[in-house]
Amino acid sequence: MIDLVKFCSKDKTRLQINKPWSRGEYTYATEGHIMIRVSRLADVSEDPAAPDGNDIFVQSAKIQGRTWCTIPPYTLERKPCNDCHGDGYFHKCDNCEGSGYVGRNDRDCSDCDGDGFLSCTEFAPEAYPCEDCDGEGLGRPECCVDFMEGEKILARFQGAFLELVKDFPNVQIGIARNCDPAIIRFNDGEGLLMPIRA
């Protein structure tokens, strides 16, 4: 079974796509650049605030002339997470007690630079994992992957998104013209992926 949560947004301002949702015959997950849908899962409820995933798939299916490709070989580079500086975890700052401010004039705390939290290892007391890297300490994999037809670049995609789908059974990417979303097809479902604009 596919872990749909890894396709969801972690952005707290986009609550409508922070978790998978069901609608009609399908269950969906997206973070905004990639969307996956599978046959409806009984344990995933409907969410009226979530986008109309089916309409997005229907509109993309109307685009003609796709070139179907397998994912080419690529190498990812993972740098330390920008949020936790590679430590993977945070704990509340002792100096400001998590407020980010000290003193009567509410100056930024010098220990945590006003954040209220300090990065740390998982072994620190009351540590919790970094939301950006899920406690790994590594940022999103970085690389651009070119899909080629001879000498011509058909499309370029972020390696981090390809990394999420590369092990799906029989995965293929249907590349459209211009910057239209690519269709991802695989044994257990389908998806859409936005290319990098040139």
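Structure's up top.
In this text, all values refer to a predicted model and were calculated from it rather than measured experimentally.

Draft legend 1. Focus on the sheet that holds strand β9 (residues 128-129). Taken together, the three strands give an open sheet; going across it, the order is β8-β5-β9, and neighbouring strands pair in antiparallel fashion. Each edge of the sheet is formed by a strand with only one pairing partner; in this case those strands are β8 (117-120) and β9. With two bridges joining them, strand β5 (residues 89-92) and β9 adopt antiparallel strand pairing. Counterpart to Phe 90 in the pairing with β9 is Tyr 128.

Draft legend 2. The nonpolar core, seen in detail. Core analysis: the biggest nonpolar cluster contains 28 residues, and Ile 36, Phe 147, Phe 157, Val 165 and Ile 184 have the highest contact counts within it. Mapped onto this core, the elements with two or more residues apiece are β3 (34-39), β10 (144-149), β11 (152-158), α2 (159-165), β12 (172-175) and β13 (182-186). When neighbours within four sequence positions are excluded, Phe 147 is seen to be in contact with Cys 69, Thr 70, Ile 71, Pro 72, Lys 152, Ile 153, Leu 154, Ala 155, Phe 157, Leu 162, Ile 173 and Ile 175. In terms of nonpolar packing, the next biggest core, distinct from the first, is built from eight residues, Trp 21, Met 35, Ala 50 and Phe 57 among them.

Draft legend 3. Molecular detail of helix α1 (residues 53-61). Among all positions of α1, only Gly 53, Phe 57 and Ser 60 are buried. The buried residues of α1 occupy one face: seen down the axis, they fall within an arc of 65°. Looking at the buried residues of α1, the elements they touch are β1 (21-23), β2 (26-30), β3, β13 and β14 (189-193).

Draft legend 4. Inspection of the pattern of salt bridges at higher detail. Applying the stated criterion to the full structure yields eight salt bridges. The residue Glu 46 makes a salt bridge to Arg 40 at a minimum N-O spacing of 3.0 Å. We note a salt bridge from Lys 79 to Glu 142, for which the minimum N-O separation is 3.9 Å. In this pair, Lys 79 sits in the loop between β4 (67-69) and β5 while Glu 142 sits in the loop between β9 and β10, placing the two residues 63 residues apart along the sequence.

Draft legend 5. Molecular detail of the environment of Tyr 89. Residue position: Tyr 89 is located in strand β5. Sequence-wise, Tyr 89 and Cys 120 are 31 residues apart; in three dimensions their C-alpha atoms are separated by 5.1 Å.

Draft legend 6. Molecular detail of the pairing of β14. Examined bridge by bridge, β3 and β14 share five bridges and lie antiparallel to one another. Its bridge partner being in β14, Val 38 is matched across the sheet by Gly 189. In this structure, β13 lies alongside β14, joined through five bridges in antiparallel fashion. By the bridge assignment, Arg 185 is partnered in β14 with Glu 190.

Draft legend 7. Up close: the pairing of β13. Judged by how many residues are buried, β13 sits mostly within the fold: four of five residues are covered. As defined by bridge partners, β12 adjoins β13 across three bridges and the pair is classed as antiparallel. Residue pairing across strands places Ile 173 opposite Ile 184, the latter belonging to β13. Between the end of β12 and the start of β13, which pair antiparallel, lie six residues, with Asn 178 showing a positive phi angle near 55°. Between β13 and β14, which follow one another and run antiparallel, lie two residues.

Draft legend 8. Expanded view of unusual backbone geometry. Not every positive phi belongs to a glycine, and Asp 113 is a case in point at roughly 60°. Given a relative accessible area of 59%, Asp 113 falls into the exposed group. Of note, Asp 134 is a non-glycine position whose phi angle comes to about 55°, a positive value. Among the structural elements, Asp 134 can be located in the loop between β9 and β10.

Reading the values: rules and limits
Residues numbered from 1 in each chain as written. Predicted model: local features only at pLDDT ≥ 70, side-chain atom pairs only at ≥ 80, totals over all residues. Heavy atoms only, no water. Pairing = 2+ DSSP bridges. Helix = DSSP H or I, 4+ residues; strand = E, 2+ residues; numbered from the N terminus. Core = buried A, V, L, I, M, F, W, Y, C linked by side-chain atoms within 4.5 Å. Buried < 20%, exposed > 50% of the residue type's maximum accessible area, 1.4 Å probe, protein only. Contact = heavy atoms within 4.5 Å. Arc of directions from axis to C-beta. Salt bridge = Lys/Arg side-chain N within 4 Å of Asp/Glu carboxyl O.

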